[in-house]
Amino acid sequence: MMSDSADRRIKDRYPAQCLKVQLQERGFFGRGKNSTAVTCLDLNRYGMAVLCPRPVEVGARLYMDFDGKYIRESRVAAQVISCQPFQTGFRVSIQFSYCFEKKGYSRAVDNALSRIEGLYSRYAS
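Counting from 1, residues in each chain are numbered in the order their sequence is written. Restriction of local features to residues with pLDDT of at least 70 applies here, the model being predicted, together with a cutoff of 80 or more for giving and counting side-chain atom pairs; totals for whole chains, interfaces and linings are based on all residues. For side-chain calculations, the full set of non-hydrogen atoms in the structure is used, while hydrogens and water are omitted.

A. How the structure looks around the confidence of the model for the protein chain. A residue-level look at the protein chain finds 88% of positions with pLDDT of 70 or above and a mean pLDDT of 87. Scored from 0 to 100, pLDDT records how confident the predictor is in each individual residue. What makes two residues a contact is simply this: any of their non-hydrogen atoms within 4.5 Å. Long-range and interchain partners of residues 1–6, a stretch whose pLDDT sits below 50, account for one contact in this model, where long-range means more than four residues apart.

And the structure:
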């Protein structure tokens, strides 16, 4: 049986454990709070799942920073869809803001996330 989060997915996600990711909750006026290193479980251009050492509130607005081979993208806006206990921390499901906020759409972010997805889809093949 598939979970609700799997049913909502527009596209398959690809494993990306070697991608370095920093999660930062957005505060008032777009200021970021403390940054937390998380482990990327899987991703696609619309969202991702991470293993986080602490819980993150559903609906929290985030900035995501990505760093990997051929990849460097900062301050990608996102929102927490779900947070559940998982292994040694919490599995946080995240949706990137550009794909659900019309005013927040950015072709540059869309292209960057498409490139990241493309790299990891090739690894998965």
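Still more to cover.
B. Molecular detail of the side chain of Ser93. Here Ser93 shows up in strand S7 (residues 89–96). Apart from the residues lying within four places of it in its own chain, the contact partners of Ser93 are Met48, Ala49, Gln79, Val80, Ile81 and Ser82. We count a stretch as a helix when DSSP gives it H or I for four or more residues in a row; a strand needs E for two or more, and each element gets its number in order from the N terminus.

C. Seen up close, the environment of Asp42. Inspection of the secondary structure puts Asp42 in strand S3 (residues 32–43). Residues Asp42 and Ser93 lie 51 residues apart in sequence; the distance between their C-alpha atoms is 9.7 Å. We call two N or O atoms a polar contact when they sit within 3.5 Å, provided that within protein one can donate a hydrogen and the other can accept it, with sequence-adjacent residues counted only if both atoms are side-chain atoms. For Asp42, the side chain forms a polar contact with the side chain of Arg13, separated by 3.2 Å.

D. Here's a closer look at the side chain of Arg26. Here Arg26 is to be found in strand S2 (residues 20–26). The exposure class of Arg26 is buried, given its relative accessible area of 16%. Of note is the side chain of Arg26, whose polar atom sits 3.4 Å from the backbone oxygen of Leu62. With a 1.4 Å probe rolled over the protein chains alone, any residue whose accessible area is under 20% of its type maximum counts as buried; one over 50% counts as exposed, and the rest are partly exposed.

E. Here's a closer look at the environment of Val80. Relative to the elements of secondary structure, Val80 occurs in strand S6 (residues 71–86). Residues Val80 and Met48 lie 32 residues apart in sequence; the distance between their C-alpha atoms is 9.8 Å. Excluding anything up to four places from it in sequence, Val80 contacts Val56, Glu57, Val58, Gly59, Ala60, Leu62, Val92 and Ser93.

F. Highlighting the state of the cysteines. By definition, disulfides here are pairs of cysteine sulfur atoms that lie within 2.5 Å. Tallying each qualifying case throughout the model produces zero disulfides. No disulfide involves Cys18; its sulfur sits 8.6 Å from the nearest other cysteine sulfur, which is in Cys40. Residue Cys18 is classed as exposed on the basis of its relative accessible area of 58%. A disulfide-free cysteine, Cys83 has its sulfur positioned 7.1 Å from the sulfur of Cys52, the nearest such atom. When its relative accessible area of 22% is taken as the criterion, Cys83 is described as partly exposed.

G. Focus on the packing of aromatic side chains. Centres within 6.5 Å make a pair out of two Phe, Tyr or Trp rings, where for Trp the six-membered ring is used; the pair is then stacked when the planes are under 30 degrees apart, edge-to-face when over 60, and tilted otherwise. Tallied over the full model, the rule gives two aromatic pairs. Ring geometry for Phe66 versus Phe96: centroids 6.1 Å apart, planes at 75°, classification edge-to-face. Here the residue Phe66 occupies a position in strand S5 (residues 61–68), and Phe96 occupies one in strand S7, the gap between them amounting to 30 residues. For Phe66, a relative accessible area of 3% corresponds to the buried category. Since its relative accessible area comes to 1%, Phe96 is described here as buried. Directly above the ring of Tyr63 sits Arg26, whose terminal nitrogen or CZ lies 5.1 Å from the centroid. Remark: a charge is flagged as sitting over a ring if the NZ atom of Lys or the CZ atom of Arg is within 6 Å of the ring centre and within 35 degrees of the ring normal.

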